[in-house]
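# Chains, contacts and geometry: an overview
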Amino acid sequence: METPTTLAEALEMIEQLTQQLNERDKLLAKQSDQLDRVSKQLENLSEQYKALLAMFRSQNFGKKSEKLTPGQLELDFGLDEPKDREENQDSSSEQPQARHSKKRTTSKPKKNWAETLDHLPQVDKEYHLTEGEKQCPHCHKKMRYCGKKVVSRSVEVIPRRAYCKNVWTETYQCQHCPAHGSEKVMVSSKAPRSLFPHSYFSPSVLADVLYSKFVLALPFYRQAESWKRIKIPIAAKHMSTAVIKSADRIIRPLYELIRQTLVNSPLIQADESPLLVLESEKAKDYIWAFRTPVKFGKQPLVFYYHDESGTRSGSVLADVLGKDFSGQIQCDGFNGYSLKYLPNAIFGSCLVHADRKFKQILDTLSAAKKSMAKEVVKMMADIFHQENNFEFQTAEERRQLRIKHIKPLMDKLFEYLVEQQAMAGGKLLEAINYALKRKERIYQIFEDGELPLDNNDLEQCIRKHTVIRKNCEFANTIAGAEAHAMWMTITQSVKLNGLDVREYLEVILRASTLPDKPDWEAYLPWNYKQKQEKVA
């Protein structure tokens, strides 16, 4: 730039430089605004990643329950006498009442150490004095017997033992009747047939394998080591084959009867969980679980289902329940639970699933958004507190209590969610939209008192499957996955009815070996329980 020689040229140059500076200032301001927007975007992304990381850690390493069970943080070895407990007051009344005070949770009295030992078979071990010890150490004369006393008591375990049972039958021949053709008149006694001929799998052995697998979640290869200790060479692949074949040949009629009982139930809880099946073409199969409610349910059962498709599609609902199912289904927010597959069904939603979404992101939000999530969690806690403190005898009584005490709280909760919807973003907005989208299904609890507020009971049954899945990692074949579903149905339904699972498994397996075809209706867990109670 040339140096101005006149005042006019200097003024013109100053004006040009001023314009250039102004343009640069505008460019810098524009770039600064862009940097601010990018910075905010990065902050939002960082917040979202932190939220996802916290949710991942919570799902994989955090506790899997929203509440602690009584005594969960205590170690009780049963050495102390049980404390005196106050008797529960009679809750019956003409009108249903809601208690607003904190509910006292009283656990069942536990057997102390001595009571537990008294119920075991008793074996006495006596230690006697020698003839020399029976003489007085001072005068050396024979002492008089005074008596004996128990100085200690202990639990002793008999290791697993196996024996060979030889089944014999006898045959009689008639010496009076003439032979019919070339055949003589002969009659043999009937005996149970072998469960699997020429194999190690008797009813008691297979019952032990099934109990270890589906109740204790012990993989087959670890069970093989246990059998090896008692000189029975049962390989893991042999156990797998026996479990699959017994499911298909023996318990399928019982499994179908349980499914039919489920279909006839007016209220069902439903959920699904992934399962890796190596034979399947899909990366991930799904196993479905259905359960009757704990309260007001007449036949406690849980039904697991897996077919060759292994799909998560809602079409499974129609396959299991039938397209004409007209009862209620309580479920989570998965889109497969829809009228598309069950046009006559009534769907209810689990409030805990909505509550859980706010709890998962509570520790990862900014202060302003955190206060919103915290307020929602507090409102839902008030709803659960009211529900847990209701005293009722019938479903209608619970429905009336809900309308009176919970509906105002629920209305306030959803009004607050609508108000905060415009100001929320990210995961918080997703949680709000999740709850608002399912408002109609959640409000179904005010139409039917049998409908629970959550499906935690079913999730506990799903957790049994996930523990086995974690220990065993995968199913090799589709038939194995189906057998898994069938035996899980049997074992978990038996547990819900308060029966001894190991004993029940052996009973139904022995029944399948009898000459006469068993009446499987009598072996349904609730029917079998009634029979046992009558015998007792």
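Structure shown above.
Residues numbered from 1 in each chain as written. Predicted model: local features only at pLDDT ≥ 70, side-chain atom pairs only at ≥ 80, totals over all residues. Heavy atoms only, no water.

## Focus: the pairing of strand β4 (residues 267-275)
Let me state the cut-off plainly: Residue exposure (1.4 Å probe, protein chains only): buried if accessible area is under 20% of the type maximum, exposed if over 50%, otherwise partly exposed. We count a stretch as a helix when DSSP gives it H or I for four or more residues in a row; a strand needs E for two or more, and each element gets its number in order from the N terminus. For two strands to pair, DSSP has to find at least two bridges joining them.
The buried fraction of β4 is high, at eight of nine residues. Here β4 pairs with strand β7 (residues 328-331) via three bridges, running parallel. Directly across from Q269, in β7, lies its bridge partner Q330. Pairing of β4 with strand β5 (residues 285-291) involves seven bridges; the strand directions are antiparallel. Paired with P274 across the bridge in β5 is Y286.

## Examining the pattern of salt bridges
The condition is simple: Think of a salt bridge as a Lys or Arg side-chain nitrogen and an Asp or Glu carboxyl oxygen that are within 4 Å of each other.
Summed over the entire model, instances satisfying the criterion amount to 20 salt bridges. Notably, a salt bridge pairs D118 with R153, separated by 3.0 Å at the nearest N-O pair. Of this pair, D118 sits in helix α2 (residues 113-118) while R153 sits in the loop between α2 and β2 (171-173), and the two are 35 residues apart along the sequence. Residue classification places D118 among the partly exposed positions, given a relative accessible area of 47%. The residue R252 makes a salt bridge to E482 at a minimum N-O spacing of 3.2 Å. Of the two residues, R252 is situated in helix α6 (residues 252-263) and E482 in helix α14 (residues 478-496); the sequence distance between them amounts to 230 residues.

## Things to note about the packing of aromatic side chains
Note the threshold: Aromatic contacts are taken between Phe, Tyr and Trp rings whose centres are within 6.5 Å, Trp giving its six-membered ring; a plane angle under 30 degrees counts as stacked, one over 60 as edge-to-face, and the others as tilted.
Here the structure, examined in full by the defined rule, presents ten aromatic pairs. Aromatic pair W288 and Y337: ring centres 5.8 Å apart, planes at 70 degrees, arrangement edge-to-face. Of the two residues, W288 is situated in strand β5 and Y337 in the loop between β7 and β8 (346-349); the sequence distance between them amounts to 49 residues. For W288, a relative accessible area of 1% puts it in the buried group. With 6.2 Å between their ring centres and 35 degrees between their planes, F296 and F392 make a pair best called tilted. On the criterion of sequence distance, the pair formed by F296 in the loop between β5 and β6 (302-305) and F392 in the loop between β9 (390-391) and α10 (395-421) is long-range, its members being 96 residues apart. A residue is classified by how much of its surface remains accessible, and F392, at 19% relative accessible area, is buried. Here the aromatic residues W288, F290, F334 and Y337 are joined through ring pairs into a cluster of three or more.

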